[in-house]
Amino acid sequence: MSATKAPLWFAFREERLLVHRGEQAGVPEASSLEDLGLGAVFEQEVGFLDGRRCFAVDLPLDAEAPEGTVFRELRGLWGVGEALFLMAGRAKQIVEWHRTHRFCGRDGTETVPGPTELAKQCPRCGLVFYPRLSPAVIVLVRRGDELLLARSPGFPPGMYSVLAGFVEPGESIEETIEREICEEVGVEVGNLRYFGSQPWPFPNSLMIGFVADYAGGELKVDPAEIEDAGWYSVDGLPELPPKVSIARRMIEEFVAGHRGDPKTLKTIKAPE
Ligand SMILES: [Zn+2]
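Residues numbered from 1 in each chain as written. Predicted model: local features only at pLDDT ≥ 70, side-chain atom pairs only at ≥ 80, totals over all residues.

A. Spatial organisation of the overall build of the chain. Within the chain one finds four helices and 14 strands. Along the longest, intermediate and shortest principal axes, the C-alpha atoms of the chain span 60 × 45 × 40 Å. Among the 272 residues that make up the chain, the fraction classed as buried is 28%. Taking contacts inside the chain between residues at least 6 apart in sequence as the whole, the part at least 24 apart equals 59%. (Helix = DSSP H or I, 4+ residues; strand = E, 2+ residues; numbered from the N terminus. Buried ≥ 20, exposed ≤ 12 C-beta atoms within 10 Å, placed from the backbone. Contact = placed C-beta atoms within 7 Å.)

Right, here's the structure in full:
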């Protein structure tokens, strides 16, 4: 019998993930957390990666990185590869859920593990708590050969992206798109087409991507949310979001569609 591969440990100290030093910063593997010289405040199995079991761990605040490892911000770890990044995002959200759902919001009783793997329950009133997810729409608006890009006050200097906003209670995704775009930049859109989705663990978004066509109105930005917005052609794009983001993928497919890459035309091509 072949030896079982050692599990992977997605261990967080506050917001930072324990990774190997260097550019190819994977997470440590070990048969147990104790083998890494660490103890857990919270530990939960969260899935499989390359045939290895994966564990999410919340470390105590005074935990020290074992030799050859370092704590790093997840945002800076896009280079680790998509599968590892997604699992790290899942682990981060589950650790954060544990930290923020230790007590029942209704009566303050300490919660216990719930009826399923990813649930906590109040033993007093029975209320069940699942990890929190915040659905958000992200929309590439096109007007002929141009696309609408905007920057929020919190973006890195010079960076522009497509528009995004959270779904509110009672709202359909289509309504969110119309409301957000109207509120943020004052234009109307139509002909929505689904693009794809991406979990975004900062802190718990699920980005749901659409392409839409401009349908009327003049650009007028809401200064509370948007610093600047404009129509851009593929030959004059500003600085864009990082490659791992769905926003970047949407913009790149738009650009590729314009350059005649047939693979992308189906998603992005304007209606006949
Ligand atoms: Zn309760």
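B. Quick look at helix 2 (residues 173-185). An ideal rise of 1.5 Å per residue puts 18 Å on 13 residues; helix 2 measures up with 18 Å between its terminal C-alpha atoms. Every buried residue of helix 2 is listed here: Thr176, Ile177, Glu180, Ile181, Glu184 and Val185. Projected down its long axis, helix 2 carries its buried residues within an arc of 115°, all on one side. Looking at the buried side of helix 2, the elements it contacts are strand 9 (134-143), strand 10 (146-151), strand 11 (163-166), strand 12 (188-200), strand 13 (205-216) and strand 14 (228-233). Following helix 2 by one or two positions, glycine 186 adopts a phi angle in the positive range, close to 75°. (Expected span 1.5 Å × (residues − 1). Arc of directions from axis to C-beta.)

C. Quick peek at the sheet that holds strand 7 (residues 120-121). A sheet is described by the order of its strands in space; here three strands give the open sequence 6-7-8, paired in antiparallel fashion. Each edge of the sheet is formed by a strand with only one pairing partner; in this case those strands are strand 6 (112-113) and strand 8 (128-129). Taken together, the two bridges between strand 7 and strand 8 define a ladder with antiparallel strand orientation. Along strand 8, the bridge assignment pairs glutamine 121 with valine 128. (Pairing = 2+ DSSP bridges.)

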